[in-house]
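Tertiary structure, described
In case you want the letters, here they are:
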Amino acid sequence: MILTPFARSARCRPPVDRHLRTVAGAAVAALLLFAPASLDAQDFDRVDRSDLPLFWEAYDRVVQEDDRDRRVALLDSLYVRRGGPGLQAMIARRGLTAERFVAAIDAYPRFWASIRPLMARAGEMSSEIEAALGRLQRLYPGLRPAGIHFTVGALMTPGQVLGDVAFIGSELALADSTVVTEEMPEGLGRSLRAYFDTNPIESVAFLNVHEYLHTQQSAFGSTLLAAAVQEGVAEYIAELAAGHPSPTPAIAFGTANEARVSARFAMYSATPSCTAAARSVLPKADCWVCR
């Protein structure tokens, strides 16, 4: 089975003009400040890692089994059916199946071996994430409660949301430059190589704040402009909470190529957000964070 590169699926996240990001960030800041519900400090102790040991338990059983049908049944019973809200949200949002997980396990053994020790560090990341969310709460006391869940997908997304569930694809978000991509198809390998070389594990708290902010958004459009505002808002406020610039390479690319990006963005801002035209705002090699 050929796995779809996460860099080509659903909505592309382009670099957003910094003035648009500032205006959008200020607008959503006002909305968040006057949200009706507020969080207590204990509400931020919601970083769930329960899917990770379930995945590795299933993985260890699957790789010892020769029969394909039995492998799929093991993955389904030990992981898919036992997974928590994060995995269930990822399955619902991305259409994942036990067959797809087994295909990823079969195809990329060196990848899984290289990412496993990094995924074991999820626990030490939790306190950093909770601290970042605490800073976010102090900025915007009206945040609504939401859950953050480290889970494991099939190389589909480093992070996304469904309702009040923010799920983190740990096999991507906790990677660094040492993770193996050579056994992957060219397109997927190139996209992930560029992503892993940014050492995403070092900015996982920023990613979690970004995804948490998506749980606070209630209006989603279908155009490139709408996607830019949606993503730019989350990136802008995550910068405020983190106290440092976004680590997203697309932002740096946009800043360094502002005139070029702005001209292309103006041409395609009203197009559906993941058409070929919309993706052309960035060169394919640089459009590494797509939703």
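Being a predicted model, the structure only gives us computed values, none of them experimental. (Residues numbered from 1 in each chain as written. Predicted model: local features only at pLDDT ≥ 70, side-chain atom pairs only at ≥ 80, totals over all residues. Heavy atoms only, no water.)

**So, the overall build of the protein chain**
Helices and strands together make up the secondary structure of the protein chain, namely 14 helices and 4 strands. Once local pairs closer than 6 in sequence are excluded, the contacts in the protein chain between residues at least 24 apart make up 77%. Total accessible area computed for the protein chain in this model is approximately 12100 Å², and 55% of it derives from carbon and sulfur atoms. (Helix = DSSP H or I, 4+ residues; strand = E, 2+ residues; numbered from the N terminus. Contact = heavy atoms within 4.5 Å. Areas by Shrake-Rupley, 256 points an atom, 1.4 Å probe, with all protein chains shown as cover.)

**Notes on the pattern of salt bridges**
Tallying each qualifying case throughout the model produces 8 salt bridges. Linking Arg 121 and Glu 124 is a salt bridge whose minimum nitrogen-to-oxygen distance equals 3.2 Å. Judged by relative accessible area, Glu 124 falls into the partly exposed class, the value being 48%. Ionic contacts of the salt-bridge type, sharing partners, join the residues Arg 68, Arg 71 and Asp 106 into one network. (Salt bridge = Lys/Arg side-chain N within 4 Å of Asp/Glu carboxyl O. Buried < 20%, exposed > 50% of the residue type's maximum accessible area, 1.4 Å probe, protein only.)

**Considering the nonpolar core**
Among the nonpolar cores identified, the biggest contains 73 residues, and Leu 75, Tyr 79, Phe 111, Trp 112, Leu 136, Phe 150 and Leu 155 are the most heavily contacted of them. If we skip the residues at most four places from it in the chain, Tyr 79 touches Asp 51, Leu 54, Phe 55, Ala 58, Leu 74, Leu 87, Phe 101, Thr 151 and Val 152. (Core = buried A, V, L, I, M, F, W, Y, C linked by side-chain atoms within 4.5 Å.)

**Re the packing of aromatic side chains**
Overall, the coordinates contain 11 aromatic pairs when judged by the stated rule. For the ring pair Phe 55 and Trp 112, a centre distance of 5.2 Å and an interplane angle of 40° mean the geometry is tilted. Here Trp 112 lies in helix H6 (residues 109-119) and Phe 55 lies in helix H2 (residues 51-62), a separation of 57 residues in the sequence. Judged by relative accessible area, which is 1%, Trp 112 ranks as buried. Measuring from centroid to centroid gives 4.9 Å for Phe 111 and Trp 112, while their planes differ by 70°, and the two rings are edge-to-face. Among the aromatic side chains, those forming a connected cluster through ring pairs are Phe 55, Trp 56, Tyr 59, Tyr 79, Phe 101, Phe 111, Trp 112, Tyr 195 and Phe 196. (Phe/Tyr/Trp six-rings, centres within 6.5 Å; stacked < 30°, edge-to-face > 60°.)

**A short note on the confidence of the model for the protein chain**
Put simply, the protein chain has an average pLDDT of 81, and 78% of its residues get 70 or more. Predicted confidence for residues 1-45 stays below pLDDT 50, and this span has 129 contacts to residues more than four positions away or in other chains. Taken together, the stretch residues 275-291 has pLDDT below 50 and engages in 52 contacts with residues farther than four places along the chain or on a different chain. (pLDDT = per-residue confidence, 0-100.)

**Points about the packing of helix H3 (residues 68-80) against helix H5 (residues 98-107)**
At a minimum axis separation of 9 Å, H3 and H5 run at an interaxial angle of 110°. Considering the angle they form, H3 stands roughly perpendicular to H5. With respect to the hand of their crossing, H3 and H5 are arranged in right-handed fashion. The segment H3 lies against H5, with Arg 68, Arg 71, Val 72, Leu 75, Asp 76, Tyr 79 and Val 80 engaging Ala 98, Glu 99, Phe 101, Val 102, Ala 103, Ile 105 and Asp 106. Partitioned by chemical class, the residues of the contact of H3 with H5 number 9 nonpolar, no polar and 5 charged. (Axes fitted to C-alpha atoms, helices over the stretch in contact; angles between N-to-C directions. Parallel < 35°, antiparallel > 145°, perpendicular 65-115°, else oblique. Left-handed = near helix turned anticlockwise from the far one by under 90°. Nonpolar A, V, L, I, M, F, W, Y, C, P; charged D, E, K, R; others polar.)

**A word on the side chain of Arg 94**
On the secondary structure map, Arg 94 appears in helix H4 (residues 85-94). No salt bridge is formed by the buried Arg 94; its nearest oppositely charged neighbour, Glu 211, is found at 9.2 Å. A distance of 2.9 Å separates polar atoms of two side chains, one belonging to Arg 94 and the other to Gln 160. (Lys, Arg positive; Asp, Glu negative; His and termini not counted. Polar contact = N/O pair within 3.5 Å; in protein donor to acceptor, adjacent residues only side chain to side chain.)

**A look at helix H11 (residues 224-242)**
An α-helical segment advances 3.6 residues per turn. Residues three or four places apart therefore align on the same side. The terminal C-alpha atoms of H11, which comprises 19 residues, lie 26 Å apart, in line with the 27 Å expected from a rise of 1.5 Å per residue. Phi for Gly 243, located one or two positions after H11, is positive at around 80°. (Expected span 1.5 Å × (residues − 1).)

**With respect to the pairing of strand E2 (residues 147-151)**
The buried fraction of E2 is high, at 5 of 5 residues. Burial along E2 is two-sided: Gly 147, His 149 and Thr 151 and Ile 148 and Phe 150, pointing in opposite directions, are all buried. Sheet topology note: the strand E1 (residues 47-48)/E2 ladder contains 2 bridges and is parallel. Of the residues in E2, the one forming a bridge with Val 47 is Ile 148. Direction of pairing for E2 relative to strand E4 (residues 165-169): parallel, over a ladder of 5 bridges. Residue pairing in the sheet places Gly 147 in a bridge with Val 165 of E4. (Pairing = 2+ DSSP bridges.)

**So, a negative patch on the surface**
A cluster of acidic residues, Asp 66, Asp 67, Asp 69 and Glu 99, forms a negative patch at the surface. Its location among the elements puts Glu 99 in helix H5. (Patch = residues over 30% accessible without salt bridge, like charges linked within 9 Å, V, L, I, M, F, W, Y side chains within 5 Å. Charge placed at Lys NZ, Arg CZ, Asp CG, Glu CD.)

**Some details on H5**
Extensive coverage of H5 is indicated by the burial of 7 of its 10 residues. Those residues of H5 not exposed but buried are Ala 98, Arg 100, Phe 101, Val 102, Ala 103, Ala 104 and Ile 105.

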